[in-house]
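# Observations on the model geometry
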Amino acid sequence: METNALTSDMLATLREKKPYPAVSITMPVHRSAPDNAQDPVRLRNLISEAQTRLTADDAVDAGTRDAIMEQLRQAQAEVDLRSGMDGLVIFATPDEHQLWALPRSAPERVVLSDSYLTRNLVAAKAQQAPYWVLSLSADQASLWSGSGDRIDEHREDGFPRTAAAVEDDPQWQQRQGDTASTFTDERTRQFMRETDAAVQQVLAREKRPLYLVGLAPALALLGEAGSVGDRAQDTCIQGGLHSGPGHALHQALAPQLAAARQQTGESTAARLEEARGRRTVAGGLAEVWTAVHEGRAAMVAVEEHYQPEASTDIGHLTPAASGTTTETTEVREDIVDELVETALEKGTEVVFLTDGTLTDSNHIAAVLRY
């Protein structure tokens, strides 16, 4: 699955406690030769490591181990390492396995625990800045989930929607004085009100920026029907896209998405500058880490490809080189992913910016609440 498909409900399910052991495997994936030749070997070695650790764990009986290994072998057979991903996550229990393709690198790791390791998924989704697209005509509405340059149709929550077909009613037409325009038809207005309500429910559960696509009369009627139009990030006046496809929607929305990225960068820079004036800003990984864990960070800004290694020692964070794990310290190659997940759990806004934007703050900064 793509991180674009990760919803709040799915994340909550992934984090649920499970009978020990739940296995999580993460690894980087290379997009081009010659580096990509090593990816199948890496995956095979990680699965072998999982088997070794399951076998050595006295808390895991042979039946559980064999069932998990069968799930991991199925996952290995299903994964396509040439699909343009940057990271791979595999989850497995005796009863299931899941494959997640990440647009962000992840370290090589095998984790046995009583829940799945989700921080790499959460950070990858946050980096892609997910959004919703409502594509509309007078009698059809479809909802799309966007993330990065990919847009997929959301086929839940009553979508796609089609207005109920009604036979011509001569008496109704006579009361109207003539055959009504589609956009003045009360039945069309009712369809828009119902569509507005359905989108509101989705936004209440999964808050993201919303883009509207359709002809001007349809979008105007939606605006009259409810408040979704007021909440939209931007609109694209183009018809014929209620059935997509996703790449056509992305192409149509390209100017609006680019403008939103630029606006995010500018507003984030302004917030950081204002915070510097108030002396309520943290800069650098260690300072931001502390602020996030203390719940003092209102916003965290981080460069897209900033993924340093660091070690933790009794709650303190310091830069570290590979291979320096000791009894009291642990080197973490995805420390930023862990920080992002913690920040989001504490209600902190997380913004990813273009590389080089935060050089003066050592690639990561936070606006503090106090």
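Residues numbered from 1 in each chain as written. Predicted model: local features only at pLDDT ≥ 70, side-chain atom pairs only at ≥ 80, totals over all residues. Heavy atoms only, no water.

## Quick look at the overall build of the protein
In plain terms, the rule: Secondary structure elements are defined from DSSP: runs of H or I of at least 4 residues count as helices, runs of E of at least 2 residues count as strands, and each element is numbered from the N terminus. Only protein chains enter the accessibility calculation, which uses a 1.4 Å probe. A residue is then buried if its area is under 20% of the maximum for its type, exposed if over 50%, and partly exposed in between. Residue burial considers only the protein chains on display, and all accessible areas are found by Shrake-Rupley using a 1.4 Å probe. Charged residues are defined narrowly, with Lys and Arg counted positive, Asp and Glu counted negative, and His plus the chain ends left uncounted. Think of each charge as sitting on NZ of Lys, CZ of Arg, CG of Asp or CD of Glu.
Within the protein, the secondary structure is distributed over 11 helices and 17 strands. Principal-axis analysis of the C-alpha atoms gives the protein an extent of 85 × 60 × 40 Å. Per-residue burial for the protein yields a buried fraction of 46% across its 370 residues. Of the roughly 18,400 Å² of accessible surface on the protein, a fraction of 47% belongs to carbon and sulfur atoms. Separation between the mean location of the 34 positive side-chain charges and that of the 56 negative ones in the protein comes to 3 Å.

## As for the environment of Ile25
Looking at where Ile25 falls in the secondary structure, it is placed in strand S1 (residues 22-28). Along the chain, Ile25 and Arg42 lie 17 residues apart, while their C-alpha atoms are 11 Å from each other.

## Some details on helix H10 (residues 285-293)
Applicable threshold: Of all possible arcs, the one meant is that of the directions from the helix axis to the C-beta atoms.
Those residues of H10 not exposed but buried are Leu285, Val288, Trp289, Ala291 and Val292. On an axial view of H10, the arc spanned by its buried residues comes to 170 degrees, and they lie on one face. Positive backbone phi, approximately 75 degrees, marks Gly295, located one or two places after H10.

## A closer look at the pattern of salt bridges
Put simply, the test is: Note on definitions: salt bridges are taken to be side-chain nitrogens of Lys or Arg within 4 Å of carboxyl oxygens of Asp or Glu.
By the definition in use, this model includes 26 salt bridges. Note that Arg104 is salt-bridged to Asp337, the shortest N-O span being 2.8 Å. Separated by 233 residues along the polypeptide, Arg104 in the loop between strand S3 (96-102) and strand S4 (109-113) and Asp337 in helix H11 (residues 335-345) bring together distant segments of the chain. Across the pair, exposure class does not vary: Arg104 and Asp337 are buried alike. Linked by salt bridges that have partners in common, Arg109, Arg119, Arg332, Asp334 and Glu338 make up one network.

## Notes on the sheet that holds strand S2 (residues 87-93)
In plain terms, the rule: Whether two strands pair comes down to DSSP finding at least two bridges between them. Axes, fitted as lines to C-alpha atoms, cover a helix only where it is in contact. Angles between the N-to-C directions of the axes lie from 0 to 180 degrees.
One open sheet holds the four strands; their spatial order is S3-S2-S1-S4, and the pairing between them is antiparallel. Of all the strands in the sheet, the pair left with one neighbour each is S3 and S4. Ignoring which end each strand starts from, the neighbouring axes of this sheet average 15 degrees apart. Two elements, S1 and S4, share five bridges in a ladder whose sense is antiparallel.

## Overview of the sheet that holds strand S12 (residues 297-303)
Neighbouring strands of a sheet are bound in pairs by backbone hydrogen bonds; such pairs are parallel or else antiparallel. Taken together, four strands build an open sheet; the order of strands is S11-S17-S12-S16 and the sheet is mixed. Two strands in the sheet have a free side with no partner beyond their single neighbour: strand S11 (281-283) and strand S16 (349-353). Recorded for the sheet is a direction-independent mean angle of 15 degrees between the axes of neighbouring strands. Sheet topology note: the S12/S16 ladder contains five bridges and is parallel. Counted as the bridge partner of Val302 is Phe352 from S16.

## A look at the packing of H10 against H11
As a reminder, the rule being used: Note on angle classes: values under 35 degrees are labelled roughly parallel, values over 145 roughly antiparallel, values of 65 to 115 roughly perpendicular, and the remainder oblique. For a crossing to be left-handed, the near helix must be turned anticlockwise from the far one by less than a right angle; the clockwise case is right-handed. Residue contacts are defined here by distance: any two heavy atoms, one from each residue, within 4.5 Å place the two residues in contact. As a working rule, the residues Ala, Val, Leu, Ile, Met, Phe, Trp, Tyr, Cys and Pro are called nonpolar, Asp, Glu, Lys and Arg charged, and the rest polar, with Gly in that last group.
Where H10 meets H11, the axes come as close as 9 Å, and the angle between the chain directions of the two elements is 30 degrees. Relative to H11, the element H10 is oriented roughly parallel. In this structure, H10 crosses over H11, and the sense of that crossing is left-handed. Packed against H10, whose contacting residues are Leu285, Val288, Trp289, Val292 and His293, the element H11 presents Ile335, Val336, Glu338, Leu339, Thr342 and Ala343 at the interface. Taken together, the residues that form the contact of H10 with H11 break down as eight nonpolar, two polar and one charged.

## Section: the packing of helix H2 (residues 39-56) against helix H3 (residues 62-78)
Remark: H2 packs on H3, axes separated minimally by 10 Å, with the N-to-C direction vectors making an angle of 175 degrees. Taken together, the axis directions place H2 and H3 in an arrangement best described as roughly antiparallel. Of H3, the residues touching H2 (which contributes Leu43, Arg44, Ile47, Ala50, Gln51, Leu54 and Thr55) are Arg65, Ile68, Met69, Leu72 and Gln76.

## Describing the packing of aromatic side chains
In plain terms, the rule: Pairing of aromatic side chains requires ring centres within 6.5 Å, counting the rings of Phe and Tyr and the six-membered ring of Trp. Pairs whose planes differ by under 30 degrees are stacked, by over 60 edge-to-face, and all others tilted. The criterion for a charge sitting over a ring is simple: Lys NZ or Arg CZ within 6 Å of the ring centre, and within 35 degrees of the ring normal.
Inspection of the entire model under this criterion finds two aromatic pairs. Where Phe91 meets Tyr116, the ring centres are 4.4 Å apart and the plane angle is 15 degrees; that geometry is what we call stacked. With Phe91 in strand S2 and Tyr116 in the loop between S4 and helix H4 (119-127), this pair connects stretches of sequence that are 25 residues apart. Neither Phe91 nor Tyr116 differs from the other in exposure class; each is buried. One residue, Arg161, lies across the ring of Phe159, its end atom 5.9 Å from the ring centre. Here Arg208 stacks its cationic end above the ring of Trp132, 4.1 Å away from the centre of that ring.

## What about the environment of Ser105?
Counting through the fold element by element, Ser105 comes out in the loop between S3 and S4. In this structure Ser105 comes out as partly exposed when scored by relative accessible area, which is 30%. Setting aside its immediate chain neighbours within four residues, Ser105 contacts Pro28, Asp86, Gly87, Gln307 and Asp337.

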